[in-house]
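Listed below are the residues making up each chain.
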Amino acid sequence: METYINNYVIVAIFIALGIFLPVAALTFGRLLRPNNPIEEKYTTYESGNEPVGTGQIRFNIRYYLFALMFVIFDVETVFLYPWAVAYNKLGLFALVEMLIFVSLLVVGLAYAWKKKVLQWNSI
Amino acid sequence: MNLLQDLTFSSFMWFLSGAVVLLAVVLGFVTYAIYFERKVIGWIQLRKGPNRVGPLGLFQTVADVLKLLLKEDTIPRNADRFLFILAPVIAFVPAFVVLATIPYTSLLQFADLNVGLLYYFALSSISTIGILLGGWASNNKYSLLGGMRSAAQMISYEVPLVMSVVGVVLLSGSLSLNTIVEGQAGGFWQWNILPQFVGFIIFIIAAVSELNRTPFDLPEAESELVAGYHVEYSGFRFAFFMLAEYVYVYAIAALTTVLFLGGWHSPLPFLDFIPAIVWFILKFLSIVFFLFWIRATLPRIRVDHLMSLGWKVLLPLALVNIFVTTIVIELIKYFK
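Residues numbered from 1 in each chain as written. Chains lettered and ligands numbered in written order. Predicted model: local features only at pLDDT ≥ 70, side-chain atom pairs only at ≥ 80, totals over all residues. Heavy atoms only, no water.

The name that an unreviewed UniProt entry assigns to chain B is NADH-quinone oxidoreductase subunit H, with the source organism given as Chengkuizengella axinellae. A UniProt comment under Catalytic activity (unreviewed entry) is attached to chain B, and it reads "a quinone + NADH + 5 H(+)(in) = a quinol + NAD(+) + 4 H(+)(out)". (UniProt positions renumbered as here; feature names shortened; annotations may be inferred.)

You'll find chain A entered in an unreviewed UniProt entry as NADH-quinone oxidoreductase subunit A, with Chengkuizengella axinellae given as the organism. The annotation that UniProt attaches to chain A under Catalytic activity (unreviewed entry) is "a quinone + NADH + 5 H(+)(in) = a quinol + NAD(+) + 4 H(+)(out)". In its Sequence similarities (unreviewed entry) section, UniProt records this for chain A: "Belongs to the complex I subunit 3 family."

A. Structural context of the environment of I85(B). All names here are of chain B. Its location among the elements puts I85 in helix 3 (residues 81-97). Through-space distance from the C-alpha of I85 to that of L268 is 50 Å; in sequence the pair is 183 residues apart. Each residue touching I85, except ones within four places of it in the same chain, is listed here: I75 and R237. (Helix = DSSP H or I, 4+ residues; strand = E, 2+ residues; numbered from the N terminus. Contact = heavy atoms within 4.5 Å.)

B. Representation of a nonpolar patch on the surface within the structure. Residues and elements named next belong to chain B. Together, F36, W43, I44, F289, F290 and W293 make up an exposed nonpolar region whose accessible area comes to about 580 Å². Residue assignment for the nonpolar patch shows that the elements contributing at least two residues are helix 1 (9-44) and helix 12 (276-297). One can find F289 in helix 12. (Patch = residues over 30% accessible without salt bridge, like charges linked within 9 Å, V, L, I, M, F, W, Y side chains within 5 Å. Areas by Shrake-Rupley, 256 points an atom, 1.4 Å probe, with all protein chains shown as cover. Salt bridge = Lys/Arg side-chain N within 4 Å of Asp/Glu carboxyl O.)

C. Fine view of empty space enclosed by the protein. Residue and element names in this part refer to chain B. Throughout the structure, instances matching the rule amount to one cavity of 30 Å³ or more. By volume, the largest cavity is sized at about 190 Å³. What lines the largest cavity is a set of 17 residues, among which S127, M154, E210, L211 and Y248 lie closest to the centre. At the level of secondary structure, the elements contributing two or more residues to the lining of the largest cavity comprise helix 4 (116-124), helix 5 (126-137), helix 6 (141-164) and helix 11 (235-260). Here the lining of the largest cavity gets five residues from one element, more than from any other, and that element is helix 11. Taken together, the residues of the lining of the largest cavity break down into 11 nonpolar, three polar and three charged. (1 Å grid on protein atoms, 1.4 Å probe; cavity = no way out; pocket = protein on both sides within 12 Å on 5 of 7 lines; lining within 4 Å. Points joined across faces, edges and corners; volume = space filled by probe spheres on them. Nonpolar A, V, L, I, M, F, W, Y, C, P; charged D, E, K, R; others polar.)

D. Inspection of helix 1 of chain B at higher detail. Its 36 residues give helix 1 of chain B an end-to-end C-alpha distance of 51 Å, which sits within 8% of 52 Å, the value for a rise of 1.5 Å per residue. One or two residues past the end of helix 1 of chain B sits L46(B), with phi positive at roughly 55°. (Expected span 1.5 Å × (residues − 1).)

E. Here's a closer look at the nonpolar core. Residues F14(A), W83(A), L99(B), L117(B), F121(B) and L259(B) are the most contacted members of the largest nonpolar core, which totals 127 residues. Here this core takes 18 residues from helix 11 of chain B, the largest share from any one element. Setting aside its immediate chain neighbours within four residues, L117(B) contacts Y81(A), V165(B), V169(B), L175(B), L177(B), I180(B), L255(B) and L259(B). Counting residues in hydrophobic clusters, the runner-up holds 13 residues, among them I75(B), A79(B), F84(B) and M154(B). (Core = buried A, V, L, I, M, F, W, Y, C linked by side-chain atoms within 4.5 Å. Buried < 20%, exposed > 50% of the residue type's maximum accessible area, 1.4 Å probe, protein only.)

F. Region of the structure containing the environment of L317(B). All names here are of chain B. Checked against the element boundaries, L317 lands in helix 13 (residues 303-335). Owing to a relative accessible area of 38%, L317 belongs among the partly exposed residues under this scheme. Through-space distance from the C-alpha of L317 to that of S164 is 8.7 Å; in sequence the pair is 153 residues apart. Setting aside chain neighbours within four positions, we find L317 in contact with V198 and I202.

G. Layout of the packing of helix 2 (residues 62-85) of chain A against helix 4 (residues 92-114) of chain A. Residues and elements named next belong to chain A. The contact between helix 2 and helix 4 brings their axes to 12 Å, and the two run at 170°. Regarding the angle of helix 2 to helix 4, the classification is roughly antiparallel. Between helix 2, through M69, I72, F73, E76, F79, L80 and W83, and helix 4, the contact on the second element is made entirely by A94, L95, M98, F101, V102, L105, L109 and A112. Grouping the constituent residues of the contact of helix 2 with helix 4 by class yields 14 nonpolar, no polar and one charged. (Axes fitted to C-alpha atoms, helices over the stretch in contact; angles between N-to-C directions. Parallel < 35°, antiparallel > 145°, perpendicular 65-115°, else oblique.)

In structure tokens:
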């Protein structure tokens, strides 16, 4: 049990160190880098032109569809992992169960495929 | 290790100093991986690569980092200041934290988590949020499109990436990376790359895509999106996005070694006298070289091809691989 907790202490140390490095580097950099603010420097880059309209433009609905597909299949992997770990103890029955589950999702994938969700046609 | 038995102040200090040493090693790796990458690509393209700063150009990356450190830090007026500052940190932290569970040899491992593999994938997907945030917070059209594209690509390839290793988990019956390597002892014919060759191919393709490296570097497609999600980033904030990418190169190369190439085990039993860590480093470096090699060789693929490849080829193939593996396991069990 102690060993188990200690492994996560190490993870916590890694997280702390991972946050510390960028914070320290950027704070240290403040002492070194010049600070010469000119109004034009703070405009948004748009190939040298004055930015037109708002930067947070409307983007393609496809991104949302892909996100939706991702959620479905990522949840599937959440079920596949424990199944794979315990497979040797579960045997043939678990294989059939998982085949049924995955084939249901594959039907969903085939439907999305047929509906041309997976086809990327603009930016 | 005795250190893991109970948590005292001295063992805590050991963990801390170990983590600091690893951080130094990783930063050193990144410095020379960038140098080596530029050299290798130079050689492949019949150029010399960096050769001006220091002997053989060895200090080129150091000079580049110092230059970035001395650059003025500009945050665009229209940017969402808080998220803009937060994004590179969110992209970098998981890249480093996943390294906690990589086993280098049977004794040299920081955190032997029993859910090691899941931990790796769960944390590495957080970096997507950092990239998306960077693109959104910049309030720039190029950044936004680059960030969205990057997120779409990374989530599309995460599914086949995660599924391609289910076969490995089935063979070893564990998510602990240490146990997975132990199961591959006794020569190269025991390595997972042979029974899981399809899984290995899917894993490598999806991993390169997760790293946003050529031929899948569409988020940074210079010819169409200037630089993608980090158009507005400069100086050290930009450096952290780059650092995150190269730390992931380290992580993915180490993970490939562990999952498919037998970790620290020697390819032939009579070569066991060579220390385990040497084998690990050799395999690790060949994967790193392979990543640089394909970057120099392959052209960038088109965005619609990229998405179709992920969803229409790799995902079904990964699913088929899982079930073929299971059925073969069942057959072997049946005929034994």
